[in-house]
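# Chain and residue survey
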Amino acid sequence: MIKAILIFNNHGKPRLSKFYEHYTEDTEQQIIRETFHLVSKRDENVCNFLEGGMLIGGSDYKLIYRHYATLYFVFCVDSSESELGILDLIQVFVETLDKCFENVCELDLIFHVDKVHNILAEMVMGGMVLETNMNEIITQVDAQNKMEKSETFIFQSTRQDR
Amino acid sequence: MSYVGEKTLTALPSLLSLDSQPGPAKLSSTSKLGNLIRGITELTSKHEEEKLIQRELESIKEQVSSPNTSMRQMKELMVRAIYCESLGYEASFVYIHAIKLAQQGTALEKRVGYLAVSLFLNESHELLLLLVNTVLKDLQSTNLIEVCMALTVVSQIFPKEMIPAILPLVEEKLNHPKEIIRRKAVLALYKFYLIAPNQVQHIHNKFRKALCDKDPGVMTASLHIYLQMIQENPEGYKDLTGSFVNILKQVVGGKLPIDFNYHSVPAPWLQIHLLRILSFLGKNDLRTSELIYEVLDESLRRAEMNRNITYAILYECVKCIYTIHPKSNLLEKAAKCIGNFVLSPDINLKYLGLKALTYVIQQDPKMALQHQMTIIECLDHPDLIIKRETLELLFRITNAQNVVVIVEKMLEFLQNSPDDYTTIDLVGKVAELAEKYAPDNEWFIETMNTVFSLGGDTMQPDIPNSFLKLLSEGFDSVEEDRKLRLFAVDSYVSLLQGETRKLPQCFLQVISWVLGEYSHLSEDHNRSTVLRLLEKLLDMKQTSSETKCWILMAMTKLCEGTAGVCVAQQVSETYISSMDTVLRQRAQELQHLSQDSELREEVLPRDSGLDPMEIDSSLSFLDEFVSGALAAGAAPYKPPHQRQEELAEAKVLSLEPYGLALPISMSSCSITDRHSPTPLSMSSGLSGDSTDVSHRAGLKLDGVQRVWGRDGYLAKKESVEEAAPVQGLTPVHSPSLQNEGDGSHSQTPTPTPTPEPDREKEQLASSLFFGVSSQSSVCLMGKPDSTFNRRRKAKVQAPGVTEQLSSSVAPVSNAVDNLLCNNLQDSNINSVSAASSKQTCELSPRVPAANGTCNTDCGLPESDRKRSNLSISRDNGLVDADSALSEDQGSRSDLCPSSYLPAELCGLYRSEIAPLCTAHSLELSACHVHQGDDMILIIFISNSSDSQVLQIRLDLKSEQLKVTCVSDSSVENIKSHTVAVYQYSLAVKRPGVDVEVDGTLSFLLPAGTPQTKHFSYKLPLTAFIRPLLISTEEYGTMWLGFSHEVKQNLTLVDDGCEPLTFTLNLLKNRLQLHLVEIIGLEGILACRLLQNQPCLMHCRVHAGALAVWLRSPVPELPDCLVYHCQRVLQEK
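Computed from a predicted structure; not experimentally measured. (Residues numbered from 1 in each chain as written. Chains lettered and ligands numbered in written order. Predicted model: local features only at pLDDT ≥ 70, side-chain atom pairs only at ≥ 80, totals over all residues. Heavy atoms only, no water.)

### Points about the overall build of chain B
Which entries qualify depends on this criterion: Under the scheme used here, helices are H or I runs from DSSP no shorter than 4 residues and strands are E runs no shorter than 2 residues, and both carry numbers assigned from the N terminus. Working definition of accessibility: Shrake-Rupley area with a 1.4 Å probe, residue cover restricted to the visible protein chains.
Helix and strand counts for chain B stand at 48 helices and 17 strands. Of the roughly 47,800 Å² of accessible surface on chain B, 53% is carried by carbon and sulfur atoms.

Rendered as structure tokens:
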């Protein structure tokens, strides 16, 4: 299961944090700080996995992260997730963001937190991976965006016919 | 692989200077959020940011509470609030508005509302109850988007108690025509399963339907559930193996639509999931594994593309191959894969390769040898994570021969250890290795010194605890003990003579205890020297007052002779007026005891550490006082949580069914043991309080607990011993210690570095892997080889032959167990039938008949009361059948276990004899017998071959049960055509719905080859449930004292007239409960879990259902019992 998804920039400013397990507000902030502390001091040429810090649950948990220019994408997962699988999931997430925002940048994440959350919700639901296909995720998100105009809209899924 | 994100994100810095550039229109930099964000980026200090956000929150607060704010504006405000919260500022005033937005907004606003709710609130937040109706409404909406949103929020946060309210609606969605809805519904149900497994019990069939869904997406979602359930109970899902294999075959074969491909690999995440599931199913199961081999081979073959994601699949394959029953050609391929991983230049793959190697090495230590040079290289890898993983690997292959080198490597790493987490973990590991394999006293003490000084005060308290315990309890030989202690004393004295300022407090505490206790052993140092050193410690300003207490204690033990008394007086005068009460008390003690040496001898006797101290954990000596106080009108004691609860309840409705009865004597009910000391109290004894007496009490407390559990005293000790190091920490060499090691003491030689780096590495390799190759005696984690278990051996050898056990299950036995405990009268019939069904169907007409009963009831508690009457009438017949059976078999020289049942157990209720496993000519079967308050597990080993089987050893262990061997003669050799019987007594340690015993059978074939075989035996918790005969008054008193509770609604079984009475009687008969009383629409039942752990049940008819409320002092018990109740009633 995925326990938390964190995005912060090179200075440790949180850009998105989604916890699938309950922590207090303070703990969440501490986790973000600790994670940033752990991740930021790693070189570019080392592996993308880290053993979990103290706060988020110790040795059962793993941090899997990718660094894109100014942003760190960190997934905190337990032992039931595949490390490399999650690594590619981050890639799918970023590519999806890129498609949805047409060349995504840090500011998109700041100004459209709600949209990013919605995209994420189509990909990971309650800590479980729901969808890994970028096109399918975008279809769902678009369908919801169109809702604004027509409440009776029945959305189309690319896989609807199967 | 595309790194699109990387490319685009680099454009950011230019965008950040918003003023100069309009930026893309989508950035809506004119909005209020835009202003806020711009404002924040311009700030320079944290303080300014705080002020700005506070102002922002004020303005949000004002606007949200204004009645004129439209939903559209509210949505915008909500986004701003989310932004503030994400920066760590609390905006609790908007929570209620978020819920309102979710309730009243249009779809898009609703979405923001739901999002805000799921970000702001948690499962236990009280406002969440207000959301339930909204969710209900949205789940019924015709708008699919709304349904989707509701399902999403449900899987993120939903109050556990309210699940029943929406469960039917979510279930309904499993049949929804849209796949996305079905998919989300499956995940929502999985979430329910995780937080309240009992409530989704009844829909397991629907999960199967989801697994067979025509849409692969829904099937994928259902795998989450299966992965979890199979991990918990692989036996229950073996029948699905074929389906999973088929699915995987189709996926690997590319039968899925093309849009499931990722980088042209078909549904990789799905494959990973399936491989995980298969490895759980095939674990220790040859038959299932055989089904899996082919598809594994196929997966390995197909996954040879050079992509990141295919490596993920390969890695899962490898893990699966090493988890299931081994097959040589697959193992070869897997080994090759691991080789590729480890040697890969890609650092992520190297990491995973090491992980895989660590895993594999537990089964095949030779793998480490193949890759030894790579491992050595990884030890020097610049990436700390890789280094750590390598150490983890080495930790697994440590044995008595290479422990010195490996521990040295670990300590070296620790010197530069980057973070607390790593330090704690490694320190524990070093301590564990040192305790297990220390080659000699000097090395052990020195390593532990390093552990203490590097681990410092962050390490877990059980390391110093178990170290001191080890010193005080000693080993086999008195002489050896004396040497160890003496060495410790010498080493500490010289340590204290050096620089002491940097030593962590917990190390100082250890030192003072050891010096106080054992410095009399040393002839080189007289007491006054030691006293003076301790005094010096007291004067240091770094010393904490807790440590000072320890030091004063030590001084109390040492102050002999005029010089000693003089120092003691001086010191005690300083501290006697301390502000710290504990410290003051120690000073008082020191003062008085130093003056009165006779009293001191009595209070602090020397070398009495081994006499067990009687501790009355029930505090029964206070009974008189308590009953006196109660009689005088004092209120009975209530634990804090209950007081709070009652306070809360007082405000609402009083649901408490029974008034408080008069005080009854505590001993009449078995609740006295609920405050039994846990291992935790041991640490508090050590750290909080340092009188010698209390310290010893601390050490002995676990002994008391053991006694309390009615096990052998030593059995427990063993478990404590094992537990401590597992969680332990890791040690490091402090500079001072190393000096000492090099100088005054001859440290165990470590490989001398030669100038050539390569030779150095080879040498290192040979010392690291020494002993790994030699034989299978490598001590793997989890099954330490006793020969090397030097430091612990002494304790493990227990007089009361307490075997540690464990085992697993056949579904048949499970079913039978249920039969057994629900209707004991039936058990004899069933037990015979199962045992004999295979071999002797034709034996007597009665046996097949009984057999039929058994089969039809398989898996479910027998439900029909009539049947139980019937079986009573059959009971007599059964004996005939039994004897007829054995006679008949005798003449055929067939081996029927039931005829070997020990005489004293014949005629008692017992379960069917279920086959466990076969190994060559040996057949194992087992049953459990109810002998009064004891549960006896009987294992039969029958040898059907013509030759004798030698050196039979049976090891049982279980996490949930305490298993004690009761048969006094342990049979080692079994002659041909005979049956050996082993008896074990079982007691529940940790209740679960079912409890399991795992076992290992090892024996020598006639040819001389050693063999081992694993098996397991499962029995339901109900086998351990007995009625608890108490009155309503006693019930009332006990009810208030129990802290763990579960409430749930169950189906009411209606027989026409008295549904409550009927249902309760049904439960009573099936589960062996005691029906205390039925009053109107309420009824109370009581039972106890062997030995003497009570559970109380209160039932009330409410809206056509049975509202049950269970309480018990044991955390898991109510939950398990409610599960069994549910099953009984569902049967009906």
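### Details of the sheet that holds strand β11 (residues 1010-1020) of chain B
Residue and element names in this part refer to chain B. For clarity, the threshold we go by: Strands qualify as paired when DSSP identifies two bridges or more between them. Each axis is a line fitted through C-alpha atoms, and for a helix only the stretch in contact is used; angles between axes span 0 to 180 degrees, taken between their N-to-C directions.
Pairing in this open sheet of 3 strands is antiparallel, and the strands run β7-β10-β11 from one edge to the other. The open sheet has two edge strands, β7 (950-957) and β11, and neither has a second partner. Across the sheet, the axes of successive neighbouring strands diverge by a mean angle of 20 degrees, strand direction being ignored. Judged from the 6 bridges that link them, β7 and strand β10 (residues 994-1004) form a sheet pairing that is antiparallel. Bridge assignment links Leu956 to a residue of β10, and that residue is Gly999.

### With respect to the packing of aromatic side chains
Inclusion rule: Aromatic rings from Phe, Tyr and Trp, with only the six-membered ring used for Trp, were paired whenever their centres fell within 6.5 Å, and each pair was classed as stacked if the ring planes differed by under 30 degrees, edge-to-face if by over 60, and tilted otherwise. Residue burial is assigned from relative accessible area. The probe radius is 1.4 Å, only protein chains are included, and a residue is buried under 20% of its type maximum, exposed over 50%, and partly exposed in between.
Applying the stated rule across the entire model yields 20 aromatic pairs over all chains. The interplanar angle of 90 degrees and the centroid separation of 5.5 Å between the aromatic rings of Phe8 of chain A and Phe36 of chain A together place this pair among those described as edge-to-face. Separated by 28 residues along the polypeptide, Phe8 of chain A in strand β1 (residues 2-9) and Phe36 of chain A in helix α1 (residues 25-40) bring together distant segments of the chain. Phe36 of chain A carries the same exposure label as Phe8 of chain A, and that label is buried. When the ring of Tyr226 of chain B is compared with that of Tyr237 of chain B, the centres are 6.0 Å apart and the planes differ by 85 degrees; the resulting orientation is edge-to-face. With a gap of 11 residues between them, Tyr226 of chain B in helix α13 (residues 216-232) and Tyr237 of chain B in the loop between α13 and α14 (241-252) connect regions that are remote in the sequence. Grouping residues by exposure puts Tyr226 of chain B and Tyr237 of chain B together as buried.

### Considering the packing of helix α3 (residues 32-42) of chain B against helix α5 (residues 71-86) of chain B
Residues and elements named next belong to chain B. Stated precisely, the cut-off is as follows: Should an angle fall under 35 degrees it is taken as roughly parallel, and over 145 as roughly antiparallel, whereas 65 to 115 is taken as roughly perpendicular and any remaining angle as oblique. Note on convention: near helix rotated counterclockwise from far helix by under a right angle means a left-handed crossing. Clockwise means right-handed. Between two residues, a contact is recorded if the distance between any of their heavy atoms is within 4.5 Å.
Between α3 and α5, whose axes approach to 10 Å, the crossing angle comes to 20 degrees. In this view, α3 runs roughly parallel relative to α5, as classed from their interaxial angle. Relative to α5, the crossing made by α3 is right-handed. For the pair α3 and α5, contact is made by Lys32, Leu33, Leu36, Ile37 and Ile40 and by Glu76, Val79, Arg80, Tyr83 and Cys84, respectively.

### Quick look at the confidence of the model for chain A
Selection criterion: The pLDDT value tells you how sure the predictor is about a given residue, anywhere from 0 up to 100.
Averaged over chain A, the pLDDT score is 83; the fraction of residues at 70 or greater is 85%. Scored below 50 in pLDDT, residues 151-162 of chain A shows 35 contacts in the model against residues more than four places distant or in partner chains.

### A few points about the interface of chain A and chain B
What counts is decided by this rule: Each of two parts loses accessible area, computed with a 1.4 Å probe, when they are put together; buried area is these two losses added. Think of a salt bridge as a Lys or Arg side-chain nitrogen and an Asp or Glu carboxyl oxygen that are within 4 Å of each other.
Residue-level contacts link 86 residues of chain A with 84 residues of chain B. Carbon and sulfur atoms supply 60% of the area buried between chain A and chain B, which totals about 7,700 Å² over both sides. Scanning the region where chain A abuts chain B turns up 4 salt bridges. Between Asp383 of chain B and Arg42 of chain A there is a salt bridge, and its shortest N-O distance comes to 2.9 Å.

### Some details on α3 of chain B
Every buried residue of α3 of chain B is accounted for by Leu33, Gly34, Leu36, Ile37, Gly39 and Ile40 of chain B. Check the buried side of α3 of chain B and you find it contacts α3 (106-111) of chain A together with α4 (46-65) and α5 of chain B.

### Here we look at the state of the cysteines
In a disulfide, the sulfur atoms of two cysteines are covalently bonded to one another. Filter applied, for reference: In this description, a disulfide is simply a cysteine sulfur pair whose atoms lie within 2.5 Å.
Evaluation of the coordinates by the stated rule reveals 0 disulfides over all chains. Looking at Cys1095 of chain B, it has no disulfide partner, and the nearest cysteine sulfur is the one in Cys1087 of chain B, 4.9 Å off.

### What to know about the confidence of the model for chain B
Residue and element names in this part refer to chain B. Counting all residues, the mean pLDDT for chain B is 73, and 74% of those residues have values of 70 or more. In the predicted structure, residues 653-755 sits below a pLDDT of 50 and forms 233 contacts with residues beyond four places in sequence or in another chain. Every residue in residues 774-893 scores below 50 in pLDDT, and together they form 252 contacts with partners more than four places removed in sequence or on other chains. Both confidence scores are given for the complex: pTM 0.60, ipTM 0.89.

### Comments concerning helix α15 (residues 268-282) of chain B
All names here are of chain B. Note the following rule: Multiplying 1.5 Å by the residue count of a helix minus one yields the expected span of that helix.
End to end, α15 covers 21 Å across 15 residues, agreeing with the expected 21 Å (1.5 Å per residue, within 8%). With 14 of its 15 residues buried, α15 lies for the most part within the structure. Looking at the residues trailing α15, positive phi occurs at Asn284, about 55 degrees.

### Describing the sheet that holds strand β8 (residues 961-965) of chain B
All names here are of chain B. Taken in spatial order, the 5 strands make up an open sheet running β4-β5-β6-β9-β8, and their pairing is antiparallel. This sheet does not close on itself; its edge strands, each paired only once, are β4 (914-919) and β8. Averaged over neighbouring strand pairs, the angle between their axes works out to 30 degrees when direction is ignored. Pairing of strand β6 (residues 934-943) with strand β9 (residues 978-988) involves 9 bridges; the strand directions are antiparallel. Note that in β9 the partner of Ile936 across the bridge is Ser985.

### Looking at the pattern of salt bridges
All names here are of chain B. Tallied over the entire structure, the rule returns 33 salt bridges over all chains. Between Lys249 and Glu294 there is a salt bridge; the shortest N-O distance is 3.8 Å. Taken together, the residues Lys249 in helix α14 and Glu294 in helix α16 (residues 286-302) connect sequence positions 45 residues apart. With relative accessibility at 32%, the residue Lys249 sits in the partly exposed group. Between Arg388 and Glu392 there is a salt bridge, and its shortest N-O distance comes to 4.0 Å. Remark: Glu392 and Arg388 occur in helix α22 (residues 384-397); sequence separation between them is 4 residues, near one turn of the helix. Here Arg388 matches Glu392 in class, with each residue buried. One salt-bridge network, in which partners are shared between bridges, spans Arg388, Glu392, Arg396, Asp425 and Lys429.

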